[in-house]
2 protein chains.
Amino acid sequence: MKKAAGSIALLHAGQLLTLAGPRGGRLGPAMRELGIIPDGGMLVRNGVIESVGSSEEIARQLPNDIDVVEARGRVVLPGFVDAHAHPVFGGNRVDEFELRAGGASYEEIAARGGGIRSTVRKTRAASEAELLSLARNRAEWFLHCGTTTMEAKSGYGLSLAEELKILRVVRQLNETSPIEFVPTFLGAHAIPEEFRDRPDDYVDCVVEEMLPAVVRQNLAEYCDIFSERGYFDAASTRRVLGAAKAAGLKLRMHADQLTNSRAAALAAELGAVTADHLEQTDTAGIAAMKGAGVQPVLLPASVYSLGSTRYPQARAMIEAGLAVVLATDFNPGSSPTPSIPMVLSLAVTQMKMLPAEAVTAATINGAYSLGRGDRIGSLEPGKRGNFCVFDCEDYREIAYWFALPLVHSVYVNGNREV
Amino acid sequence: MKKAAGSIALLHAGQLLTLAGPRGGRLGPAMRELGIIPDGGMLVRNGVIESVGSSEEIARQLPNDIDVVEARGRVVLPGFVDAHAHPVFGGNRVDEFELRAGGASYEEIAARGGGIRSTVRKTRAASEAELLSLARNRAEWFLHCGTTTMEAKSGYGLSLAEELKILRVVRQLNETSPIEFVPTFLGAHAIPEEFRDRPDDYVDCVVEEMLPAVVRQNLAEYCDIFSERGYFDAASTRRVLGAAKAAGLKLRMHADQLTNSRAAALAAELGAVTADHLEQTDTAGIAAMKGAGVQPVLLPASVYSLGSTRYPQARAMIEAGLAVVLATDFNPGSSPTPSIPMVLSLAVTQMKMLPAEAVTAATINGAYSLGRGDRIGSLEPGKRGNFCVFDCEDYREIAYWFALPLVHSVYVNGNREV
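This is a predicted model, so every value here is computed, not measured.

A. Spotlight on the environment of A220(B). All names here are of chain B. Along the chain, the position of A220 falls in the loop between helix 7 (199-216) and strand 9 (222-227). When its relative accessible area of 10% is taken as the criterion, A220 is described as buried. A220 sits 66 residues away from S154 along the chain, and the two C-alpha atoms are 9.3 Å apart.

What follows is the structure in structure tokens.
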């Protein structure tokens, strides 16, 4: 059971980043506007933000019985929203991490039966209770890095029973963790071993068996697919996402990660909410996303972790007026980090995003990409009282002092959780 | 005053990394040998390691009155040794961090009076007490990342009085922090504003005024210089380091960071203990270091942070049989991270060092580079009881789960400090 919502007043934040603004994702140049209140304050009642303003204004309307959090010399901002993550899996892939250092490529390891398939074996071998325990531990990691809402994809089961098992774990996580998890069905993550020689049969299985069961049991809000050479081609992508849309799921898509297969344009054609990765996406793909209002979800931690230097063209996307999102891509193969602050560092140092753009991408824009822009992602009256307090005086320090845990405390629905 | 040394027994470490071996830095292939004891134990008395072995062996000799630390399911290894760091400075450079994201280069920012010079202004403006307070806060950061011994360079004062001020701060830090600081005089870090048009006069000042005072007041063990185009050329480097050696200081050297000026070979010629950075060093430089027994100190966090992809040739150095060291280069301009675990991640993912090589580089090899290989850097009888406990089952996870604070606890001289 989730905790009862809390009430709290916050005063004297050195910088209170409201991210307030009109409804909708922040497009391009608007990503620089953080709505910073110096010496800021906030009042949260029963989990919901009642007012935000200067400490003076908030102090004037302070109820008698409310706990006051003193944030002098600290930065306060909305809890991070991590819009692309794979937190439920068995084991880890530290062996492959070492092999890659020794020179093997991600694709070579996959060809040898490693990669996603090795995690599938370990995930299938784990009981539901074991997976839940592992995922709970990881949820604590995310929370300690300042994340209060995150996506959770399936995709390491790759059979009807195993995919449902993972999505049930996500549901149980959601019932008990302070973090809100948004479930995404990713049955089309890879072709499992037993379908190696008949990939089309696996697509049949995803469309005809898994999808109807996931929808019937109300286990997912989104459907995703790994649209990539050697995984799922354009025809399979159309089939899976078309069926998912018809069944009432919203769409996300792994697009143009390893090769430019015009997957960003396909995401636009199919009406996907997001196209994710985009390391190989070109100008035409960017224009297609802009035309259809697709949000790009950029995952620099996986580029870093794979030792690649081919980051997605974040600047071109911002300049094209897209509502760019940043996320961790947390997973055991290509991005073993739960840290949005580290993703902000990567965005600034490797993709030349401004610190303000990066913060917007990991809060309000992430929230809209998960269909929750009206409830979270900014600190405005009526939204959830989800916020982080950082031990620094300037929000830019969150990305600047990298790999340093500067999180002071984290609140969800008005309750302190870290 | 330092705390009195402690006594403690540790039992049941899932992996106890001893790093035990013959005297001397671990050369090349020997960097892969971590001396791992499964289910390991250790006995520390009055700050000194008395015995190390299986938990069974240690349990048999357990004194009655000793506190026992249970480390089941955790990794225990020597406290990290950070052999290149600039922890004493005023302010930060978050403005430049943002400018660089906007496209300005490190050298352009320096030419506009930013860069090192801006930190010099803020450091001079700060009182000794203010600097000490800032540095103490940073020492806590290092300790929480698992570092128990570190170098501390001067170099943001650039006048007799200001360089002495910084080195006195290092001395005071050393008297009060659990971390052991090794002081390095880096008066030749940059040409200060007031000597802009007469750099040779500044070299005179370093050699004739600063060095004698530093030595007389016993404020440094090492002398370092930024040997680089636009900073200090080969002739100045010979002059400064020659005088330092004659005065009894040991030598370190910033070499070949921005250009290949054959500084690695110069370090070999001058008998430096280390040559640091080495991003541009070629095969000839590597051979020269090997011939003279110079230890390369690699600083991948500064390469990352500057958005460069030109990492030093770690593999070639290991294969040449050098005793490679990894360090943070912690400083406000090019490497604002105190985290050795992050440096391990960078070493593995960006420089293709094996996780074991990276751990060796940041413990025993770092210790030898600081002249303390006989006292720290491995867990062996007679050495200090300085160790970290990590919340993971396999040491490779320390680099794998990056930017995640997996440190469970940190002990210095047998006392728990984190």
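B. Layout of the packing of helix 9 (residues 263-270) of chain B against helix 10 (residues 283-292) of chain B. All names here are of chain B. Where helix 9 contacts helix 10, the two axes come as close as 8 Å, and the packing angle between them is 15 degrees. Overall, the two elements helix 9 and helix 10 adopt an arrangement that is roughly parallel. Where helix 9 crosses over helix 10, the handedness of that crossing is left-handed. Of helix 10, the residues touching helix 9 (which contributes A264, A265 and A268) are G285, A288, M289 and A292. Each residue belonging to the contact of helix 9 with helix 10 can be placed in one class, and the counts come to six nonpolar, one polar and no charged.

C. Representation of the relation of the copies chain A and chain B. Superposition of chain A onto chain B requires a rotation of 180 degrees combined with a translation of 0.0 Å along the rotation axis, giving an RMSD of 0.0 Å. When the rotation and shift are considered jointly, the pair of chain copies conforms to a two-fold rotation axis. Among all residues of chain A, the one whose C-alpha sits closest to the rotation axis is A403(A), at a distance of 2.2 Å. Here 98% of the contact residues of chain A are again contact residues in chain B; the copies associate through an equivalent surface.

D. Just the side chain of S335(B), in detail. Relative to the assigned elements, S335(B) resides in the loop between strand 14 (325-326) and helix 13 (340-351). Non-local contacts of S335(B), meaning those with residues more than four positions away in its chain, are made with A301(B), S302(B), S305(B), T328(B), D329(B) and F330(B).

E. How the structure looks around the interface of chain A and chain B. With 46 residues of chain A at the contact, the number on the chain B side is 45 residues. Summed over both partners, the interface of chain A with chain B buries about 4,100 Å², with 69% contributed by carbon and sulfur atoms. The largest per-residue losses of area from chain A upon contact with chain B belong to Y304(A), Y400(A) and F402(A), which jointly make up 20% of the total buried on that side. For the pair chain A and chain B, the number of links is four salt bridges. Between E98(B) and R396(A) there is a salt bridge whose closest N-O contact spans 2.5 Å. Counting every contact that joins chain A to chain B gives 20 residue pairs in polar contact (both at pLDDT 80 or more).

F. View of helix 5 (residues 128-144) of chain B. Residue and element names in this part refer to chain B. Relative to the 24 Å expected for 17 residues at 1.5 Å per residue, helix 5 spans 24 Å between its end C-alpha atoms, a close match to the ideal helical length. All buried positions along helix 5 are accounted for by L131, L132, A135, R138, A139, W141, F142 and L143. At the exit of helix 5 stands G146, carrying a positive phi of roughly 100 degrees.

G. Region of the structure containing the pairing of strand 5 (residues 75-78) of chain B. Residues and elements named next belong to chain B. Both strand 1 (residues 8-17) and strand 5 contribute to a ladder of two bridges, which runs parallel. Paired with L16 across the strands is V76, a residue of strand 5. Bridge count for strand 5 against strand 15 (residues 387-390) is four bridges, and the pairing is antiparallel. Bridge pairing in strand 15 links L77 to C388.

H. Main features of unusual backbone geometry. Within the chain, H12(A) stands out as a residue other than glycine whose phi angle is a positive 65 degrees. Within the fold, H12(A) resides in strand 1 (residues 8-17). Positive phi, close to 50 degrees, is recorded for N46(B), a residue that is not glycine. By secondary structure assignment, the location of N46(B) is in the loop between strand 2 (36-45) and strand 3 (48-54).

I. Inspection of the side chain of T360(A) at higher detail. Residues and elements named next belong to chain A. Residue placement: T360 occurs in helix 14 (residues 355-361). Assessed through its relative accessible area of 0%, T360 is described here as buried. Excluding residues that lie within four positions of it along the chain, T360 makes contacts with L19, R26, M31, L34, N365 and G366.

J. Highlighting the domain arrangement of chain A. Residues and elements named next belong to chain A. Split by domain assignment, chain A resolves into domain 1 (8-79 + 378-416) and domain 2 (81-369). Taking only C-alpha atoms, the centre of domain 1 and the centre of domain 2 are 29 Å apart. Both sides of the domain 1 and domain 2 interface together cover about 2,300 Å² of buried area, and 70% of this is carbon and sulfur. The tally of links between domain 1 and domain 2 comes to one salt bridge. Of the charged contacts, one joins R32 and E357 as a salt bridge, the two residues approaching to 3.2 Å between their closest N and O atoms. The set of elements that each furnish at least two residues to the side of domain 1 that touches domain 2 consists of strand 5 (75-78), strand 15 (387-390), helix 16 (397-400) and strand 16 (407-412).

K. Just helix 13 (residues 340-351) of chain A, in detail. Residues and elements named next belong to chain A. Most of helix 13 sits inside the fold, with 12 of its 12 residues counted as buried. The set of residues buried in helix 13 consists of I340, P341, M342, V343, L344, S345, L346, A347, V348, T349, Q350 and M351. Looking at where helix 13 begins, the residue whose side-chain oxygen comes 3.0 Å from the main-chain nitrogen of M342 is S339. At the exit of helix 13 stands K352, carrying a positive phi of roughly 60 degrees.

L. Focus on the pattern of salt bridges. Residues and elements named next belong to chain B. This structure, assessed with the given rule, holds 54 salt bridges over all chains. Measuring nitrogen to oxygen at the nearest pair gives 3.1 Å for the salt bridge that ties R45 to E50. Residue R45 is classed as partly exposed on the basis of its relative accessible area, which comes to 35%. We classify E50 as partly exposed; its relative accessible area is 37%.

Scoring rules and cut-offs
For every chain, the first residue of the written sequence is number 1, and numbering continues from 1 onward in sequence order. Whichever chain is written first becomes A and whichever ligand is written first becomes 1, with later ones labelled in order. Given that the model is predicted, a residue must reach a pLDDT of at least 70 before its local features are reported, and side-chain atom pairs must reach 80 or more before they are shown or counted; all residues, however, enter totals for whole chains, interfaces and linings. The basis for every side-chain value is the complete set of heavy atoms in the structure, and neither hydrogens nor water enter the calculation. A run of DSSP states H or I qualifies as a helix once it reaches four residues; a run of E qualifies as a strand once it reaches two. Both are numbered from the N-terminal end. Buried means the residue's accessible area, taken with a 1.4 Å probe over protein chains only, is under 20% of the maximum for its type, while exposed means over 50%, and partly exposed covers the values in between. All axes are obtained by fitting lines to C-alpha atoms, using only the stretch in contact for helices, and the reported angles, taken between N-to-C directions, cover 0 to 180 degrees. Angles are sorted into four bins: roughly parallel if under 35 degrees, roughly antiparallel if over 145, roughly perpendicular if 65 to 115, and oblique for all others. The handedness criterion is simple: a crossing whose near helix is rotated anticlockwise from the far helix by less than a right angle is left-handed, and one whose near helix is rotated clockwise is right-handed. The criterion used for residue contact is that any of the two residues' heavy atoms lie within 4.5 Å. Each residue gets one of three labels, nonpolar for Ala, Val, Leu, Ile, Met, Phe, Trp, Tyr, Cys and Pro, charged for Asp, Glu, Lys and Arg, and polar for the others, Gly among them. When the copies are superposed, the least-squares fit draws on C-alpha atoms of residues that have pLDDT of at least 70 in both. Buried area: the accessible area, evaluated with a 1.4 Å probe, that two parts lose upon being put together, summed over both parts. Here, a salt bridge means any side-chain nitrogen of Lys or Arg that lies within 4 Å of a carboxyl oxygen of Asp or Glu. Identification of polar contacts relies on pairs of N or O atoms within 3.5 Å, with a donor-acceptor requirement for protein atoms, meaning one able to donate a hydrogen and the other able to accept it, and with residues adjacent in sequence counted only if both atoms are side-chain atoms. Helix span is expected to be 1.5 Å times the residue number reduced by one. DSSP bridges decide pairing: two strands pair if at least two such bridges lie between them. Bear in mind that the domain bounds are from an automatic or database domain assignment.

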